[in-house]
Amino acid sequence: MAYSQTRWRRACVGLAATAMLVVPASAGAAYGATASQPSPSGSASATAGFPQLDSDVAERLDAAIQRVMREAGVPGVIVGLSAPGKGSYVRAFGVADKATETRMTPGLFMRIGSETKTFTVTALLRLVDQGKAGLDDPIAKYVDDVPNGNRITLRDLADMRSGLFNYSMDEDFAKALTSDPQRPFTPQELLDYSFRHPVRFQPGERFEYSNTNAILLGLVVEKAGGLPLHEFIERNVLEPAGLRRTVFPTGAEFPDPHAHGYTEQTASGKVEDATDWNPSWAWAAGAMISDLRDLRTWARVVATGELLTAGTQAERLRTGPSPVPGAGYGLGIFDVQGWIGHNGSLPGYESLTVYLPEAQATMVVLLNTDITKDGTEPSTLFGEAITRIVTPDHVFNLPVPTSQSPSPTPSR
């Protein structure tokens, strides 16, 4: 079959239950818990514009989420929403496995796609704080034979302004991935797909999302940090952040219990189960796995800079303009209408983990399909539906790209 750039832009990264109360809701279609215990870290002024997550708001959220599920054909979704002093909303709807009709529950492991970039860039910024790397270092200092390598800086890579071709847009890569989804890819193989194309623009000229940037940053972390990327992230990011259910797999391994994921980004063009596809093709750009509980913590850690110095976090949050109204992209992080974080997508799964500083609010959405609805990511549909209810002045929305060039939106 033919592999168009539009089709394969979509295919590429663009992932503690026991402590969570899980109570059956009506008809067993949704599971969740709400609470109204104030948080000791919250303040009334900081969350004044955020609603109490009481039963009335929960009913509205339930209805909105289930409507998106029906309209977008999403098998299952997990949602976590909270703010200090306002309680929390935790729900799981639908099924985790269409074959067995096993219900989705809040404690399942999920692949998180491009949210991996927030971990990779945090690892880099930890090295910056340690004086082992500099944001204005050229990538040529760490990796040989990068086109424009003497001009492209680590900052250019982290804020998606390098001009390097996105390897996941290469048609030969797309054919290789879908013809054998279990095959492993090395970082150098991924770069080779990119470097066979000319640079698209000079570094810093404009924003253009490219997974190639994250692969290069992963190699920088390995060289400057002296450890394989997955080990460096585990020791220097996951452990300090207290994330015990977040992993960087080195192959197709997937901790139990996990949801099955469904995609139409297949060689046949039919919907298939992509649960056991090897995510090595996304590596530093999108291979990681996590769960709701850890991501609720991570949303705050990333947006508030808990693992970084104040100066480095200020650099991270200095988002530049993007082609998307109301959105900017910083160092491995976006700001969409005030919500700071990242989304993720890879075949079978999508995720959204964001934090609204003015309300100290956290929103996490995890689902087991990446099939779009009229060209829009389902994670965006959920984010928009939820925020229209709880933060109407900060509606999370990423418009559908109109270009067939690599996606200008901070997705995948």
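Residues numbered from 1 in each chain as written. Predicted model: local features only at pLDDT ≥ 70, side-chain atom pairs only at ≥ 80, totals over all residues. Heavy atoms only, no water.

1. Here's the deal with the confidence of the model for the chain
In step 1: When pLDDT is averaged along the chain, the result is 88; 85% of the residues meet or exceed 70.
In step 2: Across residues 1-44, where pLDDT falls below 50, the model places 138 contacts with residues more than four positions away in sequence or in other chains. (pLDDT = per-residue confidence, 0-100. Contact = heavy atoms within 4.5 Å.)

2. What to know about the environment of Asp 294
In step 1: Relative to the elements of secondary structure, Asp 294 occurs in helix H10 (residues 292-304).
In step 2: Judged by its relative accessible area of 6%, Asp 294 falls in the buried class.
In step 3: If we skip the residues at most four places from it in the chain, Asp 294 touches Gly 242, Leu 243, Arg 244, Arg 245 and Thr 246. (Helix = DSSP H or I, 4+ residues; strand = E, 2+ residues; numbered from the N terminus. Buried < 20%, exposed > 50% of the residue type's maximum accessible area, 1.4 Å probe, protein only.)

3. Things to note about unusual backbone geometry
In step 1: Of note, the amide linkage connecting Asp 256 to Pro 257 takes the cis form, showing an omega dihedral of -5 degrees.
In step 2: Looking at where Pro 257 falls in the secondary structure, it is placed in the loop between helix H8 (229-241) and strand E7 (262-263).
In step 3: Backbone geometry places Asp 145, a non-glycine residue, at a positive phi of 65 degrees.
In step 4: Within the secondary structure, Asp 145 is located in the loop between helix H3 (116-129) and helix H4 (154-158).
In step 5: Despite not being glycine, Met 160 has its phi angle at roughly 60 degrees, a positive value.
In step 6: Take Met 160: its relative accessible area is 2%, and that puts it in the buried class.

4. Overview of the pattern of salt bridges
In step 1: This structure, assessed with the given rule, holds 15 salt bridges.
In step 2: Of the charged contacts, one joins Arg 91 and Asp 62 as a salt bridge, the two residues approaching to 3.1 Å between their closest N and O atoms. With Arg 91 in strand E4 (residues 87-97) and Asp 62 in helix H2 (residues 55-72), this pair connects stretches of sequence that are 29 residues apart.
In step 3: Residue classification places Arg 91 among the buried positions, given a relative accessible area of 10%.
In step 4: Among the ionic pairs, Glu 315 bridges to Arg 318, the shortest N-O distance being 2.9 Å. (Salt bridge = Lys/Arg side-chain N within 4 Å of Asp/Glu carboxyl O.)

5. Remarks on the pairing of strand E3 (residues 76-83)
In step 1: Most of E3 sits inside the fold, with eight of its eight residues counted as buried.
In step 2: Of the two faces of E3, the one holding Gly 76, Ile 78, Gly 80 and Ser 82 and the one holding Val 77, Val 79, Leu 81 and Ala 83 are both buried throughout.
In step 3: Strand direction decides the pairing type here: E3 and E4, joined by eight bridges, are antiparallel. Bridge pairing in E4 links Ser 82 to Ser 88.
In step 4: Between E3 and the antiparallel strand that follows it, E4, lie three residues; Gly 85 among them carries a positive phi value of about 75 degrees.
In step 5: Pairing analysis gives six bridges linking E3 to strand E15 (residues 361-367), with the strands arranged antiparallel. Bridge assignment links Gly 80 to a residue of E15, and that residue is Val 364. (Pairing = 2+ DSSP bridges.)

6. Quick notes on the pairing of strand E13 (residues 339-346)
In step 1: With eight of eight residues buried, E13 is to be regarded as a mostly interior element.
In step 2: Side chains of E13 alternate between two faces, with Trp 339, Gly 341, Asn 343 and Ser 345 and Ile 340, His 342, Gly 344 and Leu 346 buried alike.
In step 3: Pairing geometry for strand E12 (residues 334-336) and E13, over three bridges, is antiparallel. For Phe 334, the partnering residue across the bridge sits in E13 and is Gly 341.
In step 4: Connecting E12 to the next strand, E13, in antiparallel fashion are two residues, including Gln 337 with a positive phi near 55 degrees.

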